[in-house]
Amino acid sequence: MIDGKKVLFSGMQATNVLTIGNYLGALKNWLTLSDEYECFYSVVDLHSITVRQDPAELRKRARNLLTLYIAAGLDPKKNCIYYQSHVSAHAELSWILNCFTYMGELNRMTQFKDKSAKHADNINAGLFTYPVLMAADILLYQADVVPVGKDQLQHLEITRDIAQRFNAIYGDVFTIPEPYLGKVGAKIMSLQDPTKKMSKSDDNINASVYLMDDKDTIIRKFKRAVTDSEGAVLYNDTQLGIHNLIDIYCACTGKTPEEVVKEFDGKGYGEFKLAVGESVADILTPLQERFYALEKDKAYIDGVIKENAEKASYYATKTLRKVQKKVGFPERIR
Ligand code: TRP
């Protein structure tokens with residue numbers, strides 16, 4: 001608890017430009033949480049280097065993501081928006097927790113198996129202990145809740161196991177976090193293959209709509225979206241492409257699927273796709289304008305970075321010192 005509020009922690013990697021899937025599925029929901037929770041939103045750059053990065057590119061993307069958090073509407077006075085690498089406690093706690101995590105547990109992680117298959121030439125130890133760093137992120141802030149996608153639930157489960165194991169030995173040191181399952185965000189699928197999740201790293205650029213795509217690009221991608229030969233805008237489990245477009249349209253306009261089906265009754269896919277594209281552009285255009293204005297205001301962003309790194313450090317260090325004492329490290333002489 002911080003100031004009587006429960007604590008929420010989440011993070012995103014800045015490895016690739018975000019898609020509307022990241023926005024509609026995660027970021028947009030974060031906006032509704034800052035009144036109820038004390039929120040920490042990290043740009044998890046330590047995690048990013050588990051796969052090879054171009055340094056200049058990583059730095060740029062990390063800053064863009066941090067700026068985007070703000071452009072999306074997260075108030076950096078209310079939400080602690082910061083770079084993971086600016087708070088050294090993450091790496092320090094991660095080391096300690098490594099010594100309380102079993103190889104067998106990490107071997108079971110499906111993301112490790114997937115990523116090592118994908119990056120067979122660079123199966124490094126960081127990729128293996130990635131979930132331990134994630135546990136450190138969450139436990140440092142004594143987070144009660146962690147909004148994550150389904151693909152991260154296994155990592156949250158191991159976080160809880162590590163915390164419980166540590167607490168069983170040393171007493172109540174860590175809060176045991178719960179996944180945040182409130183109003184779950186829309187799950188947005190690829191525009192080219194609606195059986196696959198829309199991904200930041202899809203090779204087909206028409207499969208994903210990026211947050212920084214301009215209106216023409218957005219409309220073009222929706223025009224090319226894969227649908228079916230039914231020819232009717234219906235919400236069911238066989239017309240997967242149309243299902244996905246309806247989900248996107250609903251997420252952008254606040255309408256329900258039933259309303260959308262009624263709205264496009266007797267109308268063609270061309271008209272529907274255009275409407276979906278426009279609804280997305282209507283959300284992204286103002287977000288992009290805020291982003292470009294913020295990007296120019298270097299002093300403001302720098303201020304946010306500095307202040308929030310200090311705030312995050314304050315809370316993280318509090319937990320870290322407690323842990324260091326518990327495991328038997330010598331006291332600091334001041
Ligand atoms: N691993 C998460 C992802 O790729 C990002 C992340 C890192 C995270 N640390 C976290 C998410 C802590 C929630 C809590 O999506």
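None of these values were measured; they are calculated from a predicted model. (Residues numbered from 1 in each chain as written. Predicted model: local features only at pLDDT ≥ 70, side-chain atom pairs only at ≥ 80, totals over all residues. Heavy atoms only, no water.)

What follows is about the layout of surface pockets. There is about 1900 Å³ of room inside the largest pocket. Lining the largest pocket are 50 residues, and of these Asn 22, Gly 149, Asp 151, Gln 152 and Lys 197 sit closest to its centre. Listed by contribution, the elements that provide at least two residues to the lining of the largest pocket are strand 1 (6-12), helix 1 (20-30), helix 6 (110-118) and helix 7 (125-140). Among the elements that make up the lining of the largest pocket, the one with the highest residue count is helix 1 (six residues). A breakdown of the residues in the lining of the largest pocket according to their chemical character gives 20 nonpolar, 20 polar and ten charged. Of the pockets and cavities examined, the second largest pocket occupies roughly 320 Å³. Contributing to the lining of the second largest pocket are Arg 321, Gln 324, Lys 325, Phe 329, Pro 330, Glu 331, Arg 332 and Arg 334. Across the lining of the second largest pocket, the residue classes break down as two nonpolar, one polar and five charged. (1 Å grid on protein atoms, 1.4 Å probe; cavity = no way out; pocket = protein on both sides within 12 Å on 5 of 7 lines; lining within 4 Å. Points joined across faces, edges and corners; volume = space filled by probe spheres on them. Helix = DSSP H or I, 4+ residues; strand = E, 2+ residues; numbered from the N terminus. Nonpolar A, V, L, I, M, F, W, Y, C, P; charged D, E, K, R; others polar.)

Bringing the site of the ligand into the picture now. Taken together, 13 residues sit near the ligand, with Phe 9, Tyr 130, Met 134, Asp 137 and Gln 152 positioned nearest. Between the ligand and Tyr 130, the relevant distance is 2.7 Å, taken from a nitrogen atom to a side-chain nitrogen or oxygen of the residue. Against a free-state accessible area of 360 Å², the protein chains account for coverage of 88% of the ligand. Assessed atom by atom at 2 Å from the grid points, the ligand resides in the largest pocket. (Near = heavy atom within 4 Å. Polar contact = N/O pair within 3.5 Å; in protein donor to acceptor, adjacent residues only side chain to side chain. Areas by Shrake-Rupley, 256 points an atom, 1.4 Å probe, with all protein chains shown as cover. Sits in = over half its atoms within 2 Å of the grid points.)

With that settled, consider empty space enclosed by the protein. Evaluated as defined, the whole model comprises one cavity of 30 Å³ or more. The space that makes up the largest cavity amounts to roughly 50 Å³. Every residue along the wall of the largest cavity is listed here: Met 109, Gln 111, Phe 112, Lys 115, Leu 127, Tyr 130, Pro 131 and His 155. Contributing elements (two or more residues each) for the lining of the largest cavity: helix 6 and helix 7. Classifying every residue of the lining of the largest cavity gives five nonpolar, two polar and one charged.

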